[in-house]
Amino acid sequence: MTGRGVVGPVAGGVSAAGVPDQDAQLVTLMRSPGFRVWRQQVKATGGCAKPVRLFGEWALENASGARLEEYRGGLLVACNNRRSSVCEPCSARYEADAFHLVCAGMVGGKGVPERVGR
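(A) Spatial organisation of the pattern of salt bridges. Inspection of every chain in the model, using the stated rule, returns three salt bridges. We note a salt bridge from R72 to E57, for which the minimum N-O separation is 3.7 Å. One end of the pair, R72, is in strand β2 (residues 67–77); the other, E57, is in strand β1 (residues 52–61), with 15 residues separating them in the sequence. Note on accessibility: R72 and E57 belong to one class, exposed.

In structure tokens:
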């Protein structure tokens, strides 16, 4: 991955300090100012391989129009694709959810009456 301060893979050299280039780049990436925010967003998507980037802004105002709170920026959201060839983490999450829904429909539970399973 390249751009916006994110370093990409290197063919495999060694830095002047004797550290492999990829390791040095990884350390640099992890120490960058936006890494923690990015890591939290990736964690929130459940490790989605193809997250959707949403950009926008919102503001909360009181009756007189004074801004109480506002946000501008981007957010990563999981793609929620059911195909494992597109996104393995989202596909696995869907598969687990589908199992529980089918099971509840067959034997009852999770808001489905038990008489359904008879």
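(B) Structural detail: the environment of L60. Mapped onto the fold, L60 is located in strand β1. Classification of L60 by relative accessible area gives partly exposed; the value is 42%. Sequence separation between L60 and Y71 is 11 residues, and the spatial gap between their C-alpha atoms is 9.2 Å. With near-sequence residues (within four places) excluded, L60 lies in contact with A66, R67, L68 and E69.

(C) How the structure looks around the pairing of β2. Pairing geometry for β1 and β2, over 10 bridges, is antiparallel. Counted as the bridge partner of E61 is R67 from β2. As consecutive antiparallel partners, β1 and β2 are separated by five residues, and within that stretch G65 has a phi angle of approximately 95°, a positive value.

(D) Quick peek at the state of the cysteines. Under the definition given, this model contains zero disulfides. C90 provides the cysteine sulfur closest to C87, a residue in no disulfide bond, and the two sulfurs are 3.6 Å apart. Take C87: its relative accessible area is 0%, and that puts it in the buried class. Using a relative accessible area of 3% as the deciding quantity, one classes C90 as buried.

Rules of the game
- Throughout this description, residue numbers start from 1 for each chain and increase along the sequence as written.
- Only residues with pLDDT of at least 70 are given local features in this predicted model, and only at 80 or more are side-chain atom pairs given and counted; all residues enter the totals for whole chains, interfaces and linings.
- Computation of side-chain values: all heavy atoms of the structure, hydrogens and water removed.
- What counts as a salt bridge is simple: a side-chain nitrogen of Lys or Arg found within 4 Å of a carboxyl oxygen of Asp or Glu.
- Secondary structure elements are taken from DSSP: a helix is a run of H or I of four residues or more, a strand is a run of E of two residues or more, and numbering for both begins at the N terminus.
- Whether a residue is buried, partly exposed or exposed follows from its accessible area with a 1.4 Å probe, protein chains only, as a fraction of its type maximum: under 20%, in between, or over 50%, in that order.
- Contacts are assigned to residue pairs with any non-hydrogen atoms lying within 4.5 Å of each other.
- At least two bridges found by DSSP between two strands are what make those strands a pair.
- The definition used for a disulfide is geometric: two cysteine sulfur atoms within 2.5 Å.

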